[in-house]
Amino acid sequence: IDGYDDDDNDDDDDDVTVALSFLAPLLPFEQEPLSISTNNIPSSPSIPIGVATNIKKEGDKLFSLRDDVAAIERYEAALYLTSAVISRHNQIERTSDSGGG
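As the structure is a computational prediction, the values presented were derived from the model and not from experiment. (Residues numbered from 1 in each chain as written. Predicted model: local features only at pLDDT ≥ 70, side-chain atom pairs only at ≥ 80, totals over all residues. Heavy atoms only, no water.)

Engineer: Residue-level account of helix α2 (residues 68-97), with values.
Structural biologist: Between its first and last C-alpha, α2 extends 43 Å over 30 residues, near the 44 Å set by a 1.5 Å rise per residue. Looking at α2, one finds that the buried residues are Ala70, Ala71, Arg74, Ala77, Ala78, Leu81, Ala84 and Val85. Here the buried face of α2 lies against α1 (46-64). (Helix = DSSP H or I, 4+ residues; strand = E, 2+ residues; numbered from the N terminus. Expected span 1.5 Å × (residues − 1). Buried < 20%, exposed > 50% of the residue type's maximum accessible area, 1.4 Å probe, protein only. Contact = heavy atoms within 4.5 Å.)

Here it is, written out as C-alpha cells:
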C-alpha cells in the first residue's frame, strides 16, 4: 500500500511507518469516547433511532477516510442501539397487547 511500510514484516513488533500525508486530525466526534447506553430507552423509538442514525453517519465519515476499524466500531454501536430499541419497543407492544400496562 502506498505510504505504508511494515518494517520488512518483522514479527517481533507491531510498529509500522505511515506517510504523514495519510494522517489527519481527529474529527470532532472522535474527541469524545463513544458511549452507548441501552438503559432507560424511552418508549418512543424515534429519539434513540435518531442517535443511532447519527452514529452510523459518523461511521460513514470514518469509512470515507479509510479508517475501517473506527468505522466498524461506529456501525456496531449503531446496530447495537437499534436492536435494543426494537427489542424494547416489541416488549412494550407485547405488554400492551396482554393488557399489563
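There's plenty left to go through after this.
Engineer: Describe the pattern of salt bridges, and please don't skip the residues or the numbers.
Structural biologist: Opposite charge on two side chains permits pairing when their charged atoms draw close. Enumeration over the complete set of coordinates arrives at two salt bridges. Residue Glu58 pairs with Arg74 through a salt bridge whose shortest N-O separation is 2.5 Å. Note that Glu58 is positioned in helix α1 and Arg74 in helix α2, a separation of 16 residues in sequence. Residue class for Glu58 comes out buried when judged on its relative accessible area of 16%. With a relative accessible area of 6%, Arg74 lands in the buried category. (Salt bridge = Lys/Arg side-chain N within 4 Å of Asp/Glu carboxyl O.)

Engineer: Which residues make up the nonpolar core, and what are the values?
Structural biologist: Of all hydrophobic cores here, the largest spans six residues; its members are Ala52, Ile55, Ala77, Ala78, Leu81 and Val85. Taken together, the elements giving at least two residues each to this core come down to α1 and α2. If you tally residues by element for this core, the top one is α2, at four residues. If we ignore the near neighbours within four places in the chain, the residues touching Ala77 are Leu34, Ile36 and Ile55. (Core = buried A, V, L, I, M, F, W, Y, C linked by side-chain atoms within 4.5 Å.)

Engineer: Provide a residue-level description of α1, including the pertinent values.
Structural biologist: Look at α1: 27 Å from first C-alpha to last across 19 residues, which is about the 27 Å you get at 1.5 Å a residue. Buried residues belonging to α1 abut α2. Following α1 by one or two positions, Arg66 adopts a phi angle in the positive range, close to 70°.

Engineer: Give me unusual backbone geometry: which residues, what numbers.
Structural biologist: Even without glycine at this site, Arg66 takes up a positive phi of about 70°. Within the element layout of this structure, Arg66 appears in the loop between α1 and α2.

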